[in-house]
Amino acid sequence: MKMEDMSLSGLDNTKLEALAQDIYSDLVEDACLGLCFEVHRAVKQGYFFLDDTDQESMKDFEIVDQPGVDIFGQVYNQWKNKECVCPNCNRSIAASRFAPHLEKCLGMGRNSSRIANRRIASSNNMNNKSESDQEDNDDVNDNDWSYGSEKKAKKRKSDKNPNSPRRSKSVKHKNALLGSKPCCRSGSSMHAVER
Amino acid sequence: MSKDSKMRATINQKLTEMGERERLKELLRSKLTECGWRDQLKAHCKDVIKEKGLEHVTVEDLVVEITPKGRVLVPDSVKKELLQRIRAFLAQHAT
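Definitions and limits used
- Note on numbering: residues in each chain are counted from 1, in written sequence order.
- Chains and ligands are labelled by the order in which they are written, letters from A for the one and numbers from 1 for the other.
- In keeping with the model being predicted, local features are shown solely for residues with a pLDDT of at least 70 and side-chain atom pairs are shown and tallied solely at 80 or more, while totals for entire chains, interfaces and linings include all residues.
- Side-chain numbers here rest on the full set of heavy atoms in the structure, without hydrogens or water.
- Contacts are assigned to residue pairs with any non-hydrogen atoms lying within 4.5 Å of each other.
- Buried area: the accessible surface (1.4 Å probe) lost by two parts on joining, summed over both.
- One speaks of a salt bridge when a side-chain nitrogen belonging to Lys or Arg is within 4 Å of a carboxyl oxygen belonging to Asp or Glu.
- Pairing of N or O atoms within 3.5 Å defines a polar contact, subject to two protein rules: one partner must be a possible hydrogen donor and the other a possible acceptor, and residues neighboring in sequence count only if both atoms are side-chain atoms.
- Helix and strand definitions here come from DSSP, where helices need a minimum of 4 consecutive H or I residues and strands a minimum of 2 consecutive E residues; each element is numbered from the N-terminal end.
- Asp, Glu, Lys and Arg are counted as charged, while Ala, Val, Leu, Ile, Met, Phe, Trp, Tyr, Cys and Pro are counted as nonpolar; the rest, among them Gly, fall into the polar class.
- UniProt positions are given in the numbering used here, feature names are shortened, and annotations may be inferred rather than shown by experiment.
- By convention a nonpolar core is built from buried Ala, Val, Leu, Ile, Met, Phe, Trp, Tyr and Cys residues, the set being connected through side-chain atoms within 4.5 Å.
- For every residue, the accessible area (1.4 Å probe, protein chains only) is compared with the maximum for its type, and the residue is labelled buried under 20%, exposed over 50%, or partly exposed between those bounds.
- A helix's residues, less one, multiplied by 1.5 Å, set its expected span.
- The directions considered for the arc run from the helix axis to the C-beta atoms.
- Pairing of aromatic rings covers Phe, Tyr and the six-membered ring of Trp, with a centre-to-centre limit of 6.5 Å; geometry is then stacked below 30 degrees between planes, edge-to-face above 60, and tilted otherwise.
- Residues enter a patch when their relative accessible area is above 30% and they make no salt bridge; the linking distance is 9 Å between like charges and 5 Å between nonpolar side chains (Val, Leu, Ile, Met, Phe, Trp, Tyr).
- Accessible areas in this description were obtained via Shrake-Rupley with a 1.4 Å probe; residue shielding takes into account the shown protein chains only.

On the side of chain A, 34 residues touch chain B, which itself brings 44 residues to the contact. Where chain B abuts chain A, roughly 3700 Å² becomes buried across the two surfaces, and 73% of that area is made up of carbon and sulfur atoms. Ranking the residues of chain B by area buried against chain A places Met-7, Arg-8 and Arg-71 of chain B at the top, with a combined share of 14%. A salt bridge links Glu-38 of chain A to Arg-29 of chain B; the shortest N-O distance between them is 3.2 Å. Linking chain B with chain A are ten residue pairs in polar contact (both at pLDDT 80 or more). Among the elements of the structure, helix H1 (2-17), helix H2 (20-34), helix H3 (37-52), helix H4 (59-73) and helix H5 (76-93) of chain B are those that each provide at least two residues to the side of chain B that touches chain A. Here the side of chain B that touches chain A is built from residues that sort into 22 nonpolar, seven polar and 15 charged.

With numbering matched to this structure, UniProt assigns "zinc finger region: SGF11-type" (unreviewed entry) to residues 84-105 of chain A. Secondary structure content for residues 84-105 of chain A is 36% helix and 23% strand, while the C-alpha to C-alpha distance between its ends is 14 Å.

Val-39 of chain A together with Leu-28, Leu-62, Ile-86 and Leu-90 of chain B are the most contacted members of the largest nonpolar core, which has 38 residues in total. Of all elements in the fold, only helix H2 (13-45) of chain A together with H1, H2, H3, H4 and H5 of chain B reach the threshold of two or more residues within this core. Apart from residues lying up to four places away in sequence, Ile-86 of chain B is in contact with Ala-20, Ile-23, Tyr-24 and Leu-27 of chain A together with Leu-24 of chain B.

The next thing to look at is H2 of chain B. In this model H2 of chain B runs 21 Å from its N-terminal to its C-terminal C-alpha over 15 residues, within 8% of the 21 Å that 1.5 Å per residue would give. Of the positions making up H2 of chain B, those classed as buried are Glu-20, Arg-21, Leu-24, Leu-27, Leu-28 and Leu-32 of chain B. Along the axis of H2 of chain B, the buried positions cluster into a sector of 125°, meaning they face one direction only. Opposite the buried face of H2 of chain B, by more than 90 degrees, sit the exposed residues Glu-22 and Glu-34 of chain B. Residues of H2 of chain B that are buried make contact with H2 of chain A together with H1, H3 and H5 of chain B. With its phi angle positive at about 90°, Gly-36 of chain B sits one or two positions after the end of H2 of chain B.

Below, the discussion takes up the packing of aromatic side chains. Residues and elements named next belong to chain A. In this structure the tally under the stated criterion is one aromatic pair over all chains. With centroids separated by 5.1 Å and ring planes inclined at 70°, the aromatic side chains of Phe-48 and Phe-49 adopt a geometry described as edge-to-face. Judged by its relative accessible area of 8%, Phe-48 falls in the buried class. Here Phe-49 falls in the partly exposed class, since its relative accessible area comes to 26%.

Moving on to a nonpolar patch on the surface. The grouping of Ile-63, Ile-71 and Phe-72 of chain A at the surface amounts to a nonpolar patch, some 380 Å² of accessible area in total. Topologically, Ile-71 of chain A is positioned in the loop between helix H3 (55-60) and strand E1 (83-85).

And the structure:
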């Protein structure tokens, strides 16, 4: 026979409710005391009034709540409808399309070299059958550097796992420089566009 | 009455041992912060401090000024929620 059980079962609802109120009261008092201690320490350590600035500065940095403007008061879609003139081809391009357009127009950037190579490869194919079929398989899956990349569209299934870093290093590197890829591009003679 | 006080002691002990008291404390703190109670009281603290002087204010001063106001300022929804949880705990562990 447990002493605990005897005393606990002797409870009625009013007593339980009173107990609940007391527990709640204790918790609230705890929270209040916590705050008092925090504040008192902040006062004695000297950092209580630290975030009070004068009224003028407070006004300067108030949160802005107007339409079309962010909370700092800056316009954020200011450049949506602007148009820029491309210095290369002298066309008027929308601002958000300007950077990709420049990439292609000036012949710089990853995509433009890929497109150029693709054009060359397709023009080669039209002239003669490409002998480098086997090797191109590997190059197709190379992200940065590929020639004969029009085969990407046909997605040839080879037995090799396209993601494995070690692919057969056959006669692949006819033109390309061995080693780090980013520097390859400038060394290549495959570019159709003059820089 | 000693049966009751024994019972109360037991329950309080359970409350602490099972971690429920800590959880309730945390819950209360976060709710009070969310609803702006802390900021309200802090502002009141500023007044007290300015009145008593920055150098001379004591913990006692703050406690005496802040606690009654703090009790009153707790929003009803927070009070209800806490009481609900306490009652649920009691229902589970006191009968």
